[in-house]
Structure formats: C-alpha cells, structure tokens
Amino acid sequence: LQTGWTPVLMAMLISSGGGLIMDHAVEHFKGFTVFSPVMNGAGGNLVAIQASRMTTYLHSMTNSLLGTFPQGEDQVCMLPCAAICGGWKTCGSMPAPHAPISRILLVLLVPGQIIFVYTICVLNSDVMPTPLFLLAYTLASFCQVFLLLYLCQILVYWMWSRGSDP
C-alpha cells in the first residue's frame, strides 16, 4: 500500500477534470455528449493495451532491470513518425518494436468507432449524426489515439528510465 499511488491519483485528477468539462458540454451540446465517453473510453483502452505491452516487453528484454533498456532503444524521446510508423524506410533507422502494434491499434480504432456510433444511434433514436459528423468524429478519434500512442511511448520509456515500473 505504500507504492503505486501516483497513477491512481493522476487518473482521479484527470477523470475529475474530464467530468467538469463534460458537465459544461452537456449544457451546450445536448444530443452529442453521448459520444464523448465512447471516444475517450476507446482511446484510453487502446493506449492502456499498448502501455501494458510495452511494459511487458521492457520486463522481458531487460530481465526486469528497471532503468535499463534493450540494445539500441535507450532513447526516451522520439519523433511521432518513428513511434507510430517506425520500421518503414522513410521514418528513419531507429528501432521501433512497438510501432507495428500502434498501427494495428489505429486501424482497429476506425471500424470500432463506426460500430459504436451505429450502436448509439440504434439505442438512442434522438441522435442521428450526419456523414460529416461521422467523418469528423472518426478523424478526431484517430488524431486523439495517435497522440495518445505517441505520448504512451514517451511516458513508458521515461518512467522506465527513472526506475519506475509503468
């Protein structure tokens, strides 16, 4: 009970802040606020999967020696292109073992969000989004998860470099 409170407290702060913003948005956008928890939940879950995979990878490749990195992966910060598109010739020569999974998660996001929007429309007949809304929603969700996957790469490696188990 003496360690591991930082992520819990940070999650509480972020959740409380998100709740305040959501409360304000409900007043202005009555019909479309049902999409916010779906967008944030899907993004958060996909990035949690990636963070868990990255931590497991670091544990297995370094024999759980916190603060040490696998050969050639000692750089905490990298460009977004390298973190997500790494392994392609146009994205540099830096090793990016997590990039293929990031791309798979991004590809899974698009049909998943469309299914969620369809389900919301079936369950709540008051909400009928236009094709433009669906496109904007999917694009915003994609950008959100892209940014979160990039931040996940940086934060997991930063925490690992400081001797903390992400």
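The following refers to the structure shown. Since we're looking at a predicted model, the values are computed, not measured.

What to know about the packing of helix α2 (residues 35-62) against helix α5 (residues 131-161)
Then step 1. As a packed pair, α2 and α5 sit with axes 9 Å apart at the nearest point and diverge in direction by 30 degrees. It follows that α2 is roughly parallel to α5 by the angle criterion. Handedness of the α2/α5 crossing: right-handed.
Then step 2. Looking at the contact of α2 with α5 residue by residue, the class counts come to 18 nonpolar, nine polar and no charged.

Brief notes about the side chain of Q113
Then step 1. For Q113, the position within the fold is in helix α4 (residues 99-123).
Then step 2. A relative accessible area of 1% places Q113 in the buried class.
Then step 3. Ignoring anything within four residues of it in the chain, the contact list for Q113 reads V38, M39, A42, Y137 and S141.

Brief notes about the packing of α4 against α5
Then step 1. Running from N to C, α4 and α5 cross one another at 150 degrees; their axes reach a closest spacing of 10 Å. For the crossing formed where α4 meets α5, the hand is right-handed. Judged by residue contacts, S102, L105, L106, L109, V110, Q113, I114 and V117 of α4 engage L134, Y137, T138, S141, F142, V145, F146 and L149 from α5.
Then step 2. Of the residues that constitute the contact of α4 with α5, the class distribution is twelve nonpolar, four polar and no charged.

Things to note about the environment of Q144
Then step 1. The topology assignment puts Q144 in helix α5.
Then step 2. As for Q144 and N40, which are separated by 104 residues in sequence, their C-alpha atoms are 8.5 Å apart.
Then step 3. Those residues in contact with Q144 that sit more than four places away from it in its chain are M39, N40 and G43.

Re the nonpolar core
Then step 1. The biggest cluster of nonpolar side chains holds 24 residues, and the ones touching the most others in it are L58, F69, I84, L149, V156 and Y157.
Then step 2. Only α2, α3 (80-85), α4 and α5 provide two or more residues apiece to this core.
Then step 3. Counting residues per element, this core draws most heavily on α5, which supplies eight residues.
Then step 4. With seven residues, the next largest nonpolar core counts I120, C121, V127 and Y137 among its residues.

A short note on the side chain of S141
Then step 1. Its place among the elements puts S141 in helix α5.
Then step 2. The residues touching S141, leaving out its near neighbours within four places in the chain, are M39, L109 and Q113.

Some thoughts on the layout of surface pockets
Then step 1. Estimated volume of the largest pocket: approximately 1200 Å³.
Then step 2. M10, A11, I14, G44 and L148 are, among the 32 residues lining the largest pocket, the residues nearest its centre.
Then step 3. Of all the elements, helix α1 (residues 5-28) adds the most residues to the lining of the largest pocket, at eleven residues.
Then step 4. Here the residues of the lining of the largest pocket are counted per class, giving 19 nonpolar, twelve polar and one charged.

Criteria and thresholds
- Residues numbered from 1 in each chain as written.
- Predicted model: local features only at pLDDT ≥ 70, side-chain atom pairs only at ≥ 80, totals over all residues.
- Heavy atoms only, no water.
- Axes fitted to C-alpha atoms, helices over the stretch in contact; angles between N-to-C directions.
- Helix = DSSP H or I, 4+ residues; strand = E, 2+ residues; numbered from the N terminus.
- Parallel < 35°, antiparallel > 145°, perpendicular 65-115°, else oblique.
- Left-handed = near helix turned anticlockwise from the far one by under 90°.
- Nonpolar A, V, L, I, M, F, W, Y, C, P; charged D, E, K, R; others polar.
- Buried < 20%, exposed > 50% of the residue type's maximum accessible area, 1.4 Å probe, protein only.
- Contact = heavy atoms within 4.5 Å.
- Core = buried A, V, L, I, M, F, W, Y, C linked by side-chain atoms within 4.5 Å.
- 1 Å grid on protein atoms, 1.4 Å probe; cavity = no way out; pocket = protein on both sides within 12 Å on 5 of 7 lines; lining within 4 Å.
- Points joined across faces, edges and corners; volume = space filled by probe spheres on them.

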